[in-house]
Amino acid sequence: MAFTPRVFSGIKPSGDLHLGNYLGAIRRFVPLQDTHQTIYCVVDMHAITVWQEPEDLRRWTYEIAAAYIAAGLDPKRSIIFNQSQVVEHAELSWIFNCVARMGWMSRMTQFKDKAGENSEQVSLGLFAYPSLMAADILLYKATGVPVGEDQKQHLELTRDIAKKFNHDFRKQIKAFGHDEEFFPLTETLATGPAMRVKSLRDGTKKMSKSDASDMSTIYMMDDADMISKKIKKATTDPEALPTEAAGLAGRAEAENLVQIYAALADLSVADVLKEYGGSGWGRFKPALADLAVAVLAPVATEMRRLVGDPGEMDAILRDGAERARAIAQPVMDDVRKIVGFVR
Ligand code: TRP
């Protein structure tokens, strides 16, 4: 039996969404609706692996769901929901905690980066984070996950957990009439060129919600004036734009702005430079600001409308959770039997 082509991805409600989330993730989720069954989650249980003010968690949960829809995900075609409404995520992650090995988990570079010097003080949840992520994905037997470079190791771990589960329980899996592969070996889905949006103030740093300067980050809820102002004030160098991509080497800020233009316009960097090579910032920045406003401002407006209507948002998330459970529950029924839990 082949697995249904199914995509799962999630974003943590732990800060205001910004251009990096939009170009690197959310926008890329949309076309997958045409080729896969698509499930997009707001991973609130992942968010609380570090402290979240409950009111912020709630607000950001709505904000992400609104961004999904405003960016073009159709809540009828895609399943849009928040993780904690489908308790099976927690249940499967516990079982995976008992499949994954301490050695595997200890090698996760994201944990090591986040825990830093502080590894005695971080939550146990932060350590178990990748096991919950594996549960998110395998609860739906998802075959593909669109994520960036930074999540590749977590996807590898997800495959290791799937393999070990398939192997350790192979007798029961067969006895219950399944193929030997109960869980698929989920692939990372490439959805276009790697897109790492950098800070508008320092082209060597990631654009991030935790930057000290508000001018470094374009938030998805920024209005037209704010978007335009931030782009016009972005740090640049004194040179004109090069005519070829190679000329951007060593010019981190210039490269970032050209890449943002290319991504927003759905063009290659080479095409953008064909148009703007030789121009100074006085021509390029206003053009980029206009483009960014044209693409982002309508999304922001729709997000604001949606978050202003919690009744509608609750209904969408409840409906999504119900449809998610319709897939997750039969999988969990099988998992419980396979493991040997009496019901
Ligand atoms: N760890 C992901 C991130 O930080 C978020 C996430 C949680 C996720 N569960 C997932 C992504 C399942 C893809 C699939 O970006």
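Our subject in this report is the structure included herewith. Residue numbers restart at each chain and count upward from 1, following the sequence in its written direction. In keeping with the model being predicted, local features are shown solely for residues with a pLDDT of at least 70 and side-chain atom pairs are shown and tallied solely at 80 or more, while totals for entire chains, interfaces and linings include all residues. As a rule here, side-chain values come from all non-hydrogen atoms in the structure, and water together with hydrogens is ignored.

### Regarding the overall build of the protein
Strands are runs of DSSP state E lasting at least 2 residues, helices are runs of H or I lasting at least 4, and numbering of each runs from the N terminus. The helix and strand inventory of the protein stands at 14 helices and 5 strands. A compact globule built from 343 residues would reach a C-alpha radius of gyration of about 20 Å, and the protein, at 22 Å, matches this within 12%. Overall size of the protein, expressed as C-alpha extent along the three principal axes, is 70 × 45 × 45 Å. Across the 343 residues that make up the protein, the buried fraction comes to 48%. For this analysis, residues touch if any pair of their heavy atoms sits within 4.5 Å. Counted over contacts in the protein with a minimum sequence separation of 6, partners at least 24 positions apart contribute 77%. A radius of gyration in this sense is built from C-alpha atoms; the matching globule rule multiplies 2.2 Å by the number of residues raised to 0.38. Relative accessible area decides the class of each residue, using a 1.4 Å probe on protein chains only: under 20% of the type maximum gives buried, over 50% gives exposed, and in between gives partly exposed.

### Re helix H11 (residues 252-265)
Taking 1.5 Å as the rise per residue, H11 with 14 residues should run 20 Å; its terminal C-alpha atoms sit 20 Å apart, in good agreement. Following H11 by one or two positions, Asp266 has its phi on the positive side, about 60 degrees. Here the expected length of a helix is defined as 1.5 Å per residue gap, with one fewer gap than residues.

### Overview of the nonpolar core
Nonpolar cores are built from buried Ala, Val, Leu, Ile, Met, Phe, Trp, Tyr and Cys residues. Side-chain atoms within 4.5 Å join them into one set. Leu19, Tyr68, Leu264 and Phe284 are the most contacted members of the largest nonpolar core, which totals 59 residues. Among the elements that make up this core, the one with the highest residue count is helix H13 (residues 281-307) (11 residues). In this structure, Cys41, Val86, Met108 and Leu157 belong to the second largest nonpolar core, which totals 46 residues.

### Topic: the environment of Glu239
Residue position: Glu239 is located in the loop between helix H10 (224-232) and H11. What Glu239 contacts, discounting residues up to four positions off in sequence, is Arg251 and Trp281.

### Section: helix H14 (residues 310-339)
Residue pairs spaced three or four apart in an α-helix point in one direction, given the helix's 3.6 residues per turn. Fitting axes to the seven residues ending at a residue and to the seven starting there, one defines the bend at that residue as the angle between these axes. The largest bend in H14 is about 30 degrees, located at Ala326, with the proline Pro330 one to four residues further on. Note on H14: the residue one or two positions beyond its end, Gly340, has a positive phi of about 105 degrees.

### Observations concerning the site of the ligand
Any residue with a heavy atom lying within 4 Å of a molecule or strand is counted as near it. Around the ligand sit 13 residues in total, of which Lys12, Tyr129, Met133, Asp136 and Gln151 are the nearest. In the model, an oxygen atom of the ligand is placed 3.4 Å from a nitrogen or oxygen of the Lys12 side chain. A 3.5 Å cut-off defines polar contacts: any pair of N or O atoms within that distance qualifies, except that in protein one atom must be a possible hydrogen donor and the other a possible acceptor, and neighbouring residues in sequence count only when both atoms are side-chain atoms. At 2.7 Å, a side-chain N or O of Tyr129 approaches a nitrogen atom of the ligand. Out of a free accessible area of 370 Å², the ligand has 90% covered by protein chains. Breaking the shell around the ligand down by element, the ones donating at least two residues are strand S1 (6-11) and helix H7 (124-138). The residue classification treats Ala, Val, Leu, Ile, Met, Phe, Trp, Tyr, Cys and Pro as nonpolar and Asp, Glu, Lys and Arg as charged. All others, Gly included, are polar. Partitioning the shell around the ligand into residue classes produces 7 nonpolar, 4 polar and 2 charged. Methods summary: accessible areas were calculated by the Shrake-Rupley approach with a probe of 1.4 Å, and residue burial reflects only the protein chains presented.

### Remarks on the packing of aromatic side chains
Centre-to-centre distance and the angle between the planes together describe a pair of aromatic rings. Each Phe, Tyr or Trp ring (for Trp, its six-membered ring) is paired with any other whose centre lies within 6.5 Å, and the angle between the two planes then decides the class: stacked below 30 degrees, edge-to-face above 60, tilted in between. Tallied over the entire structure, the rule returns 16 aromatic pairs. Judged by centre distance (5.0 Å) and plane angle (80 degrees), the rings of Phe111 and Phe127 are edge-to-face. Placement of the pair is Phe111 in helix H6 (residues 109-115) and Phe127 in helix H7, with a sequence separation of 16 residues. The residues Phe111 and Phe127 share a single accessibility class, namely buried. On the numbers, 5.4 Å between centres and 35 degrees between planes, the contact of Tyr261 with Phe284 is tilted. Placement of the pair is Tyr261 in helix H11 and Phe284 in helix H13, with a sequence separation of 23 residues. Just as Tyr261 is buried, Phe284 falls in that class too. Connected via pairs of aromatic rings, a cluster forms that spans Phe96, Phe165, Phe169, Phe182 and Phe183. A cation sits over an aromatic face here: Lys141 above Phe182, 3.8 Å from the ring centre. Ring-over charges, as used throughout, are those where CZ of Arg or NZ of Lys falls within 6 Å of the ring centre and within 35 degrees of the ring normal.

### Points about the packing of H11 against H13
Across the interface, H11 lies against H13 with an axial gap of 10 Å and an inter-helix angle of 40 degrees. By the angle between their axes, H11 is oblique relative to H13. Seen from above, H11 lies across H13 with left-handed handedness. For the pair formed by H11 and H13, the contact residues are Ala254, Leu257, Val258, Ile260, Tyr261, Leu264 and Ala265 on the first element and Trp281, Phe284, Lys285, Ala287, Leu288, Leu291, Ala292, Val295 and Leu296 on the second. A fitted line through C-alpha atoms represents every axis, and for helices the fit uses only the stretch in contact; the resulting angles, taken between N-to-C directions, go from 0 to 180 degrees. When an angle is under 35 degrees it counts as roughly parallel; over 145 it counts as roughly antiparallel; between 65 and 115 it counts as roughly perpendicular; any other value is oblique. It is the rotation of the near helix from the far one that decides the hand of a crossing: anticlockwise by less than a right angle makes it left-handed, clockwise makes it right-handed.

### Observations regarding a positive patch on the surface
Candidates for patches are residues over 30% relative accessible area with no salt bridge; among them, like charges are joined within 9 Å and nonpolar side chains (Val, Leu, Ile, Met, Phe, Trp, Tyr) within 5 Å. For this document, the term salt bridge refers to a Lys or Arg side-chain nitrogen within 4 Å of an Asp or Glu carboxyl oxygen. The convention is simple: Lys and Arg are positive, Asp and Glu are negative, and His and the chain ends are not counted. Where a charge lies is defined by one atom per residue type: Lys uses NZ, Arg uses CZ, Asp uses CG and Glu uses CD. A cluster of basic residues, Lys114, Arg196, Lys206 and Lys209, forms a positive patch at the surface. Here Lys114 lies in helix H6.

### Observations regarding the pattern of salt bridges
Inspection of the entire model under this criterion finds 16 salt bridges. Its salt-bridge partner being Arg59, residue Asp16 comes within 3.6 Å of it at the nearest N-O pair. You can see Asp16 sitting in the loop between S1 and helix H1 (19-29) and its partner Arg59 sitting in helix H3 (residues 54-70), a full 43 residues away along the chain. Relative accessible area serves as the criterion here: at 29%, Asp16 is assigned to the partly exposed category.

### Re the pairing of S1
Most of S1 sits out of view: 5 of its 6 residues are buried. What makes two strands pair is DSSP finding at least two bridges between them. The pairing of S1 with strand S2 (residues 37-42) spans 6 bridges and is parallel. Across the sheet, Ser9 pairs through a bridge with Tyr40, a residue of S2. Traced from S1 through H1 to S2, the parallel crossover comes out right-handed. Looking down the strands as they point away from you, a crossover is right-handed if its path from the first strand over the helix to the second goes clockwise.

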